[in-house]
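# Breakdown of the fold
Each chain, letter by letter, is given below.
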Amino acid sequence: MDFNVKKLASDAGVFFTRAVQYTEEKLGQAEKTELDAHLENLIARADCTKNWTEKIFRQTEVLLQPNPIDQTGARIEEFFYEKLDRKIPSRTTNAELLGQYMQDAAKEFGPGTPYGSTLITVGEFQKRLGGAERDFLHTSAINFLTPLRNFLEGDWKTISKERRLLENRRLDLDVCKARLKKAKSAEAKAALWSEEVDKAEHELRVAQTEFDRQAEVTRLLLEGISSTHVNHLRCLHEFVEAQAAYYVQCHKHMQDLQKELSSANGDTFPNAFAVNASTSGVSTGSSPHSIATLPGPSSPSHPPNPSNALESSTLKIEEVKPPATGTRKAKVLYDYDAADSSELSLLSDELITVYTVPGMDPDWLIGERGNQKGKVPVTYLELLS
């Protein structure tokens, strides 16, 4: 192996000298040149920017790709493609894979059966959700992750290199100061040392010049952090826009899916439940709630007045007393118009106190708002405490 023994010995000597110098500075036995306050503030701001940019970058990666160690080895694959400077191929999302499984299952169960046809429909919309997710991931990677990565792997490495060089210039300057101080001390004892003093003063001037030049270079780079913040702010806006567009698209797909399934209820679900009821020996007309409806974006329907509840004719609201314990606060999710005097009308987003009384149907609670009191449907509330 070809290597320079002298350079190796010189580097080892510099390393040892630096270690001794750092130790003496920590112990207060050596002089240390302090940076000006402005430069110190710039360094602290740069460190803060680097640390939080790194955390945001890593967590965004986790958000966009929660499981990097999957069957495709996603992160490892991306690493090799980046090193080879090649475009990363489009990858199937989990939703697309789920949609494909559903459609494959429908072929086995029979696409003409209620279950099979529904699997085909849901599978198609899962694929649409997966496609929207892939577009969102691609856009976010380009507009948000890439600029953050470029800062960490590019600008920050340059800043770190110049800061290390500035620190070396500071150490050299302090060595020259110590040497001049020692030479002047010797000169005071013997006039023969005047030549050493001149040499030390020259070295000090050179070291001071190099230190000042490097401090200026480092300062200019650190002041560029403000531009980095502006750039990252723009990228953040683009990331939020992409995220909002993605969720709007997903919401639309799910609404369209609900409409398709709701329109198929007249044919699909009654037949399916009829088969289940006949095989279990239960009459399809025995329960008015045997067919479930899919939830939609609109407010829930009024719950039926229960047969085993306290009827409005026997329940005297004004006589109902709240229990000693068991009252809770609730937020109203939707407007509700009272059907009779025993019920309490509600306005969306207001807060009320609710509780139950013995024998009352679980679909209803007693609600209080100031001096007003009445029955309220549970489905219109979000219990808070």
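Given the structure is predicted, the values throughout are model-derived calculations rather than measurements.

### Thoughts on the packing of aromatic side chains
Each pair of aromatic rings is reported with the distance of its centres and the angle of its planes. Under the counting rule described, the total for this entry stands at eight aromatic pairs. Ring centres of Phe-109 and Tyr-115 lie 5.3 Å apart, and the angle between their planes is 20°; on these two criteria the pair is classed as stacked. A relative accessible area of 47% means that Phe-109 is categorised as partly exposed. Here Arg-128 stacks its cationic end above the ring of Phe-125, 4.4 Å away from the centre of that ring. Seen from the ring of Trp-364, Lys-375 lies directly overhead, with NZ or CZ sitting 5.3 Å from the centre.

### Let's talk about the pattern of salt bridges
Taken as a whole and assessed by the stated rule, the structure comprises 16 salt bridges. The partner of Glu-167 in a salt bridge is Arg-170, and the shortest N-O contact between them spans 2.8 Å. With a gap of three residues between them, Glu-167 and Arg-170 both fall in helix α5 (residues 114-189), about one helical turn apart. When its relative accessible area of 28% is taken as the criterion, Glu-167 is described as partly exposed. With a relative accessible area of 3%, Arg-170 lands in the buried category. For the salt bridge of Glu-216 with Arg-219, the shortest nitrogen-to-oxygen distance reads 2.2 Å. Of this pair, Glu-216 and Arg-219 both sit in helix α6 (residues 194-223), separated by three residues, roughly a single helical turn. For Glu-216, a relative accessible area of 35% puts it in the partly exposed group.

What counts as what
Residues numbered from 1 in each chain as written. Predicted model: local features only at pLDDT ≥ 70, side-chain atom pairs only at ≥ 80, totals over all residues. Heavy atoms only, no water. Phe/Tyr/Trp six-rings, centres within 6.5 Å; stacked < 30°, edge-to-face > 60°. Buried < 20%, exposed > 50% of the residue type's maximum accessible area, 1.4 Å probe, protein only. Lys NZ or Arg CZ within 6 Å of the ring centre and 35° of its normal. Salt bridge = Lys/Arg side-chain N within 4 Å of Asp/Glu carboxyl O. Helix = DSSP H or I, 4+ residues; strand = E, 2+ residues; numbered from the N terminus.

None of this, on its own, says anything about what the molecule does.
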